[in-house]
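Results of the structural survey
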Amino acid sequence: MNFENILIEQKEHLSTITINRPSKLNALNKKTIEELHEAFKHLASRTKVIIITGSGEKAFVAGADISEFADFNVEEGADLARKGQELLFDYVQNLNTPVIAAVNGFALGGGLELAMAAHFRVASSNAKMGLPEVSLGVIPGYGGTQRLPQLVGKGKAMELIMTAGMISAEEAKDWGLVNYVVEQEELLPLCEKLASKIMRNSSVAISAAIKAVNANYESNINGFDVEITQFGESFGTNDFKEGTTAFLEKRKPNFE
Ligand code: COA
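1. Topic: the pairing of strand E3 (residues 49–54)
- Burial of E3 is extensive: six of the six residues sit out of reach of the surface.
- Neither face of E3 is left uncovered, since the one carrying Val49, Ile51 and Thr53 and the one carrying Ile50, Ile52 and Gly54 both have all their residues buried.
- For strand E2 (residues 14–19) and E3, the ladder comprises six bridges, and the chain directions are parallel. Note on E3: the bridge partner recorded for Ile17 is Ile52.

Here it is, written out as structure tokens:
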């Protein structure tokens, strides 16, 4: 697949997507969002884990591309948020394949929103995170007002959004926004190590677990019911037969 603004690297069952607009600090313009959608869609069925990161040493993603929406009207603004959420942010959150955000620098606005849509986050020590939209007279539109309180609690989310401030990687770890902080050169190796641990397990079961965990954050859905359904369906899978048989035979499972 040929893309203008993203790079893809595949190592066996692990794919890494790198957003590659370093001169614009990897800001998410329309084209990049469309390409990311296509890449996630393509890789989800061909890979076991996806890492998403930014190119260069300075930024993961410094936000939505401000130059593209500066003259939008009310309808265009709503359309921007709706399409972006549908194509990328909700799409990533609901992907069956685990997505790890390797936050290698500024993750601001849409950048932090993309990292938050991933299933979990690892940051380099130079990373800085924030939702500065109110400083531009707008609010986070790619799910930030919903996912940030889910991850860090309402009070901290309100503070970060209202002050338009930035927190350091260490603060983000204290807040529970990222799971680990490492030096920049250790960032991708750590994500790859975490990916290899995930890849030892059943991809089918992991995809069911993603559905069940996500159900906790959906309105009108009872997450416990989703868990019961997904748990029950696991019993009909080859991976369940292989996993339990391997345990009883005292050997490592060999998932398809
Ligand atoms: N949209 C469009 N372009 C962006 C961008 C964004 N969100 N963030 C950075 N860029 C561009 C800059 O315009 C600049 O381009 P230029 O060289 O053609 O002028 C280039 O990326 C480098 O950014 P610059 O501001 O010169 O780097 P810096 O080190 O001085 O500052 C930031 C880094 C991240 C603090 C600063 O770029 C910034 O505040 N960006 C916007 C963050 C934001 O508000 N995001 C939310 C958007 S809704």
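2. Section: helix H1 (residues 30–44)
- In a regular helix each residue adds 1.5 Å, so 15 residues correspond to 21 Å; H1 covers 21 Å between its end C-alpha atoms and thus fits that length.
- Summarising the contacts, the buried residues of H1 are in contact with strand E1 (6–11), E2, E3, helix H3 (74–93), strand E5 (99–103) and helix H4 (110–117).

3. Thoughts on the nonpolar core
- Of all hydrophobic cores here, the largest spans 45 residues; its most connected members are Leu36, Phe40, Ile52 and Met129.
- Core analysis: the next-biggest nonpolar cluster, separate from the first, contains 16 residues, Val49, Val122, Cys191 and Ile206 among them.

4. Some words on the sheet that holds E3
- In space, the six strands of this open sheet follow the order E1-E2-E3-E5-E7-E10, with mixed pairing throughout. Each of the sheet's edge strands pairs with one partner strand only, and the pair in question is E1 and strand E10 (180–182). On average, each strand axis in the sheet is inclined to that of its neighbour by 20°, with strand direction left out of account.

5. Re the sheet that holds strand E8 (residues 128–130)
- Read from one edge of the open sheet, four strands run E4-E6-E8-E9, paired in mixed fashion. Looking at the sheet topology across the chains shown, the edges are occupied by strand E4 (59–61) and strand E9 (167–168).
- Of the pairings in the sheet, the one linking E8 to E9 comprises two bridges and is antiparallel in character. Counted as the bridge partner of Met129 is Ile167 from E9.
- Sheet strands in contact with H4 are E4, strand E6 (106–108) and E8, and its direction is about 90° off that of E6.

6. Considering the site of the ligand
- Contacts to the ligand come from 16 residues, most closely from Lys24, Lys58, Ala62, Ala64 and Ile66.
- In this structure, an oxygen atom belonging to the ligand sits 2.5 Å away from a side-chain N or O atom of Lys24.
- Here an oxygen atom of the ligand sits 2.5 Å away from a polar atom, N or O, in the side chain of Lys58.
- Of the residues contributing to the shell around the ligand, the split by class is nine nonpolar, three polar and four charged.

7. Observations regarding the pattern of salt bridges
- What the rule picks out here adds up to nine salt bridges.
- Asp65 serves as the salt-bridge partner of Arg21, at 3.0 Å between the closest nitrogen and oxygen. Separated by 44 residues along the polypeptide, Arg21 in the loop between E2 and H1 and Asp65 in the loop between E4 and helix H2 (66–69) bring together distant segments of the chain.
- Judged by relative accessible area, which is 15%, Arg21 ranks as buried.
- The exposure class of Asp65 is buried, given its relative accessible area of 8%.
- With its nearest N and O atoms 2.8 Å apart, the salt bridge here joins Arg251 to Glu242.
- Looking at Arg251, the relative accessible area reads 35%, which means it is partly exposed.
- What makes Glu242 buried here is its relative accessible area of 18%.
- A single network of salt bridges, built from pairs that share partners, joins Asp79, Arg82 and Lys83.

Reading guide: rules and limits
The residue count restarts for each chain, going from 1 along the sequence in the order it is written. It should be noted that, the model being predicted, local features are given only for residues of pLDDT at least 70 and side-chain atom pairs only at 80 or more, the latter also being counted only at that level, while totals for whole chains, interfaces and linings use all residues. Remark: hydrogens and water are excluded; side-chain values derive from all non-hydrogen atoms of the structure. Exposed residues in this analysis have more than 50% of their type's maximum accessible area, buried residues have under 20%, and partly exposed residues fall in between, with area computed by a 1.4 Å probe over protein chains only. We count a stretch as a helix when DSSP gives it H or I for four or more residues in a row; a strand needs E for two or more, and each element gets its number in order from the N terminus. Pairing between strands is defined by DSSP: at least two bridges between them are needed. Multiplying one less than the number of residues by 1.5 Å gives the expected span of a helix. Throughout, a residue-residue contact means that at least one pair of heavy atoms, one from each residue, lies within 4.5 Å. Grouping buried Ala, Val, Leu, Ile, Met, Phe, Trp, Tyr and Cys residues that are joined through side-chain atoms within 4.5 Å yields what is termed a nonpolar core. The axes are straight lines fitted to the C-alpha atoms, using for helices just the contacting stretch, and the angles between their N-to-C directions are given from 0 to 180°. One heavy atom suffices: a residue is near a molecule or strand as soon as one of its heavy atoms comes within 4 Å of it. Within 3.5 Å is the distance limit for a polar contact, defined as a pair of N or O atoms, with the added protein rule that one can donate a hydrogen and the other accept it, and that residues adjacent in sequence qualify only through two side-chain atoms. Any residue outside Ala, Val, Leu, Ile, Met, Phe, Trp, Tyr, Cys, Pro, Asp, Glu, Lys and Arg is labelled polar, Gly included; the first ten of those are nonpolar and the last four are charged. Here a salt bridge means any side-chain nitrogen of Lys or Arg lying within 4 Å of a carboxyl oxygen belonging to Asp or Glu.

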